[in-house]
Number of protein chains: 2
Amino acid sequence: MNRKKPNTRIQQKNTATILEAALEVFSQFGFRGSTLDQISEAAGMSKPNLLYYFPSKEAIHATLLEELMETWLDPLHKLNADGEPRAEILDYVRRKLQMSRDFPRESRLFANEILQGAPRIGGAIQGELKDLVDEKSKVIEGWIEEGKIARVNPRHLLFSIWSLTQHYADFDVQVRMVLGGEHVDPFPDAEAFLDTLFTRLLDAHTA
Amino acid sequence: MNRKKPNTRIQQKNTATILEAALEVFSQFGFRGSTLDQISEAAGMSKPNLLYYFPSKEAIHATLLEELMETWLDPLHKLNADGEPRAEILDYVRRKLQMSRDFPRESRLFANEILQGAPRIGGAIQGELKDLVDEKSKVIEGWIEEGKIARVNPRHLLFSIWSLTQHYADFDVQVRMVLGGEHVDPFPDAEAFLDTLFTRLLDAHTA
DNA sequence: CGTGAGATTGACCGAATGGTCAAATAATTT
DNA sequence: AAATTATTTGACCATTCGGTCAATCTCACG
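Everything quoted here is computed from the prediction, not taken from an experiment. (Residues numbered from 1 in each chain as written. Chains lettered and ligands numbered in written order. Predicted model: local features only at pLDDT ≥ 70, side-chain atom pairs only at ≥ 80, totals over all residues. Heavy atoms only, no water.)

1. Examining the relation of the copies chain B and chain A
Least-squares fitting of chain B to chain A yields an RMSD of 0.1 Å, with the transformation described by 0.0 Å of translation along the axis and a rotation of 180°. A rotation of that kind, with that shift, is consistent with a two-fold axis. Scanning chain B for the C-alpha nearest the rotation axis identifies G33 of chain B, at a separation of 2.1 Å. The residues that chain B uses at the interface reappear at the interface of chain A in 100% of cases, marking a shared surface. (Least-squares fit on C-alpha atoms with pLDDT ≥ 70 in both. Contact = heavy atoms within 4.5 Å.)

Take a look at the structure:
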């Protein structure tokens, strides 16, 4: 009766396999640039079998984006108003950078969606994300008023954290090409750089 | 005889119209996600007419990317080793941000290409761009050694400038949604924020 | 073992895609 | 104005696309 929840082990395994393959493909080519044949090949099963587990290409994509939004908002949720301001923000930066390292495909999936005008997650952006940003901006504003961190535009501070950290996932290819060999791991240097950057930004003339 | 250069006025006008339309479409949907029908409709001419001026979909895309690379490298070229370090870098940031405001589609076209693994401009990235970055990194390194700016990783400094400025073009939709109304212009605040950010980053403990 | 529900796929469909071609139209030249 | 050349497009083609379907295969359970 319930068509949505995977019940048997086979169903669980296959939906997971499909979503994994779809993430690989969608994150690289975007929704319209990806084909069910690509996904089915990546998943190692026939195209009709994909559509046995998901009603359509769009349903697969939608499921991925749904899961993504949770993962995506989580690090910001953890920004604790009662914590030590500098440490809270620097930890947030580190968590976001870690996500770029560990889940680059998710980052690219998100980037693709936004690049195309957020046609499928515009609601979540204007709703959940905006609300969360409003809330956390007030927290940051409070820290500024208390003199705990230097004065900055809170919303643009968040934008800067997103862009700087996601850059290492979304533009990974460029980063590695510019740095030289492909064997190079940019992340240690990136973390050190971002640490320095945000420390200097937030500590400025805060004795 | 010469099939590459637009000679007559009609040719010049039409190739320009086509490239303009193609930029609009490719920048939103990426190469594989865009269709010749979309482009021909956006250009206000028939599909066979597109292919009268360009041999293929790929040729249109390639032409756009070629033009783009010049535009893209130009601001960094202007970073002057003999100028005042802080002003040079801040001017570079402002130029890049201005490009995000004035040429957001070019930025998205570039982002799409990199997201897909830079299959068509990988060469230019490993060649021209890497060389330019190597050169300018030495300049920045020199400024650091002279004590003109605070110590930072020059390459990651450049990455940070790219990511922060391009974010306002590539993620424009998200930025506007999070900030509230669509009538809001994020750029004045963005410029002020980036000014502050890089000033604090580069001035730190440089008496 | 048998059987029936669940899982899998080859063959196929209509629509869309990149691209061709011949015929028509508009400029340009003589 | 006639002839030549450049431009434009409707009709078409082969391929690929998302999706369907009927026919199989598999496997848990009696």
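What follows continues from the structure just given.
2. Overview of the packing of helix α5 (residues 85-102) of chain A against helix α8 (residues 154-170) of chain A
Residues and elements named next belong to chain A. Relative orientation of the contacting elements α5 and α8 amounts to 30°, with a least axis distance of 8 Å. By the angle class used here, α5 and α8 are roughly parallel. As for how α5 packs across α8, the hand of that crossing is right-handed. On the side of α5, the interface is formed by I89, Y92, V93, K96, L97 and S100, while α8 contributes L157, L158, I161, W162, T165, Q166, Y168 and A169. (Axes fitted to C-alpha atoms, helices over the stretch in contact; angles between N-to-C directions. Helix = DSSP H or I, 4+ residues; strand = E, 2+ residues; numbered from the N terminus. Parallel < 35°, antiparallel > 145°, perpendicular 65-115°, else oblique. Left-handed = near helix turned anticlockwise from the far one by under 90°.)

3. Some remarks on the protein's contact with DNA strand D
The local shell around DNA strand D holds 19 residues, among which L36 and K57 of chain A together with N14, P48 and Y53 of chain B are the closest. Of all atoms in DNA strand D that approach within 4 Å of the protein, 57% are sugar or phosphate atoms. Interatomic distance of 3.1 Å between a backbone N/O atom of S34 of chain A and a phosphate oxygen of DNA strand D. The set of elements that each furnish at least two residues to the surface near DNA strand D consists of α2 (36-43) and α3 (47-53) of chain A together with α1 (9-33) and α3 (47-53) of chain B. The element that contributes the greatest number of residues to the surface near DNA strand D is α3 of chain B, accounting for four residues. The class makeup of the residues in the surface near DNA strand D is eight nonpolar, eight polar and three charged. (Near = heavy atom within 4 Å. Polar contact = N/O pair within 3.5 Å; in protein donor to acceptor, adjacent residues only side chain to side chain. Nonpolar A, V, L, I, M, F, W, Y, C, P; charged D, E, K, R; others polar.)

4. Side note on the pattern of salt bridges
Tallying each qualifying case throughout the model produces 34 salt bridges over all chains. Here K130 of chain B makes a salt bridge to D134 of chain B, at a shortest N to O gap of 2.8 Å. Of this pair, K130 of chain B and D134 of chain B both sit in helix α7 (residues 122-145), separated by four residues, roughly a single helical turn. Linking E146 of chain B and K148 of chain B is a salt bridge whose minimum nitrogen-to-oxygen distance equals 3.1 Å. Accessibility expressed as a relative area gives 52% for E146 of chain B, which makes it exposed. Under the relative-accessibility criterion, K148 of chain B is labelled partly exposed at 37%. Here the residues in one salt-bridge network are D91, R94, E191 and D195 of chain A, joined through shared partners. (Salt bridge = Lys/Arg side-chain N within 4 Å of Asp/Glu carboxyl O. Buried < 20%, exposed > 50% of the residue type's maximum accessible area, 1.4 Å probe, protein only.)

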